[in-house]
Amino acid sequence: MRKYKIEYYLKRSAKLREIFDDRIIGNKFLIDRNIEARRISTETGVPFEEVYVYLANWYKLGNDWYNVKIFDDYLEGFINAFLGELISNYFGLLSAHYESAKVILLDGKYSIGVCSKNFCEPNFTYRMKDDYGIPNLGNIYNIENIRDYLDRDLDCQELIQDLKALFVRDYFAGEVERGSDIMFKENNASISLAPLYDYEYSFNDAASYLEYQNKLGILNINDGKTLDFLRSDDYFQLLFSKLLDIKIKDFLEYVKDTIKVIIPDMFEKSILNREEKVKKIVRERVVK
């Protein structure tokens, strides 16, 4: 697809949250990176390592912290941010809430992207997958084994259901970069999946139609034992039935009408094509 700046595809009525960046001169932070990351982590509840790596993405607007991602001419990533939130919510998962954003630098230059208000709640502790020492669990039928790496006093049932939903929503959406960004939230009684984020590499041409994997494990629809498990698990059957009922066209129309984005025909067709192929495979192989 020919590359244009995102603003070329924004309708005149599109609303952008303006963010003035006074932190950077010559692309160098005016503050100590380590100290600033710890301050933001303390104020937001976001794990330090997640803040440190993406420090440039954090902005404080009034009393609230926002995470900002700049896309400029990566239109697909910009659109996928909004589609990703809608798809996560559809599958019953929490998600970062995205708004269109315009970041204005000290020299007056600006970039277009998305921003999301910090979603961490004060009564929960947030940790990344690696903080628990959870390895790759292998095939999805091992998902219950995640209990072995968590505090035995924590109720893990919600987390296991969340993870099942994560695998199905990412498989549907052709997500290819669900790397370390799997965050958990816990209190004294239970643990669950934190809101999802980072959807820009969804509906990727490199995504398989028969498997999906992340750092927790793999969903392989070519594997007989996996298929037996998916067919015998009531919650997976519910999730795949929801997959068959999803209408991505409605989500695309929402992005067009509410976010005010013009979606190129070629990109829309590729999304609809994935929906059609994935549903065909699920209907023929997975749902009883």
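Conventions used here
- Each residue is numbered by its place in its chain's sequence as written, counting from 1.
- Per-residue local features of the predicted model are confined to residues with pLDDT of at least 70, and side-chain atom pairs are confined, for both listing and counting, to 80 or more; whole-chain, interface and lining totals are unaffected and use all residues.
- Calculated side-chain values reflect all of the structure's heavy atoms, with hydrogen atoms and water omitted.
- Nonpolar cores are built from buried Ala, Val, Leu, Ile, Met, Phe, Trp, Tyr and Cys residues. Side-chain atoms within 4.5 Å join them into one set.
- The buried label applies to any residue whose accessible area, calculated with a 1.4 Å probe on protein chains only, is under 20% of its type's maximum; exposed applies above 50%, and partly exposed to all values in between.
- We count a stretch as a helix when DSSP gives it H or I for four or more residues in a row; a strand needs E for two or more, and each element gets its number in order from the N terminus.
- Pairs of residues are marked as contacts when any of their non-hydrogen atoms sit within 4.5 Å.
- Paired strands are those between which DSSP finds at least two bridges.
- Helix axes are fitted to C-alpha atoms over the stretch in contact, other axes to C-alpha atoms as well, and angles between N-to-C directions run from 0 to 180 degrees.
- Any angle from 65 to 115 degrees is called roughly perpendicular, while one under 35 is roughly parallel, one over 145 is roughly antiparallel, and all others are oblique.
- Polar here means any residue other than Ala, Val, Leu, Ile, Met, Phe, Trp, Tyr, Cys and Pro, which are nonpolar, and Asp, Glu, Lys and Arg, which are charged; Gly is therefore polar.
- To estimate how far a helix should extend, the number of its residues minus one is multiplied by 1.5 Å.
- The directions from the helix axis to the C-beta atoms are what the arc is built from.

Participant: How do you make sense of the nonpolar core when you look at a structure like this?
Facilitator: Note on soluble globular proteins: their nonpolar side chains tend to be buried together. Within the largest apolar cluster, 84 residues are counted, with the highest numbers of intra-cluster contacts made by Phe78, Ile146, Tyr171, Phe240 and Leu243. Here this core gets 10 residues from one element, more than from any other, and that element is helix 4 (residues 157–173). In this view, Phe78 contacts Ile6, Leu10, Phe71, Ser100, Ile112, Gly113, Val114 and Val261; residues no more than four positions away in its chain are not counted. Judged by nonpolar contacts, the second largest core, of 7 residues, contains Tyr59, Tyr66, Val68 and Cys115.

Participant: Would you mind showing me how to read unusual backbone geometry here?
Facilitator: Glycine aside, negative phi is the norm for most residues, and most peptide bonds take the trans geometry. Phi at Asp198 takes a positive value of approximately 60°, unusual for a residue other than glycine. With respect to the helices and strands, the residue Asp198 is situated in the loop between strand 10 (191–193) and strand 11 (211–213). Look at Asp198 and you get buried, because its relative accessible area is 16%. Backbone geometry places Lys260, a non-glycine residue, at a positive phi of 70°. Assignment of secondary structure puts Lys260 in the loop between helix 7 (248–259) and helix 8 (265–286).

Participant: How do you make sense of the sheet that holds strand 5 (residues 64–70) when you look at a structure like this?
Facilitator: Strand pairing in a sheet relies on backbone hydrogen bonds. The paired strands run either parallel or antiparallel. The 5 strands are arranged 1-6-7-5-4 in an open sheet whose pairing can be described as mixed. On the outer flanks of this sheet lie strand 1 (17–20) and strand 4 (58–61), each paired with one strand and no other. Mean inter-strand twist for the sheet, computed between neighbouring axes without regard to direction, equals 40°. In the sheet, strand 1 pairs with strand 6 (residues 98–104) via 4 bridges, with the strands oriented parallel. Note on strand 6: the bridge partner recorded for Phe20 is Ile104.

Participant: Would you mind going over the packing of helix 4 against helix 8 with me for this structure?
Facilitator: For any two helices packed against each other, one specifies the inter-axial angle together with the distance between the axes. Helix 8 packs onto helix 4 with a crossing angle of 130° between their chain directions and a minimal axis gap of 9 Å. Here helix 4 lies oblique to helix 8, going by the angle between them. Between helix 4, through Tyr171, Phe172 and Ala173, and helix 8, the contact on the second element is made entirely by Arg274, Glu275, Val278, Ile281 and Val282. Residue composition of the contact of helix 4 with helix 8, by class: 6 nonpolar, no polar and 2 charged.

Participant: Mind showing me how you'd approach helix 8 here?
Facilitator: Working note: α-helix, 3.6 residues per turn, so residues spaced by three or four point in the same direction. Spanning 22 residues, helix 8 covers 31 Å between terminal C-alpha atoms, matching the ideal 32 Å at 1.5 Å per step. Restricting attention to buried positions, one finds in helix 8 the residues Phe267, Glu268, Ile271, Arg274, Glu275, Val278, Lys279, Ile281, Val282 and Val286. The arc enclosing the buried residues of helix 8, seen along the axis, measures out at 165°, which places them on a common side. Looking at helix 8, the residues exposed on the side facing more than 90 degrees away from the buried face are Asp265, Met266, Lys269, Glu276, Arg283 and Glu284. Tucked into the core, helix 8 has its buried residues touching helix 3 (75–90), helix 4, helix 5 (224–232), helix 6 (234–245) and helix 7.

Participant: Teacher, can you tell me more about the sheet that holds strand 9 (residues 183–186) here?
Facilitator: Spatially, the 3 strands line up as an open sheet ordered 8-9-10, and their pairing is antiparallel. Where the open sheet ends on each side, the last strands, each with one partner, are strand 8 (125–128) and strand 10. In this sheet, neighbouring strand axes are inclined to one another by 30° on average, regardless of whether the strands run parallel or antiparallel. Both strand 8 and strand 9 contribute to a ladder of 4 bridges, which runs antiparallel. Following the sheet pairing, Thr125 is matched in strand 9 by Glu186. Sheet strands in contact with helix 4 are strand 9 and strand 10, and its direction is about 15° off that of strand 10.

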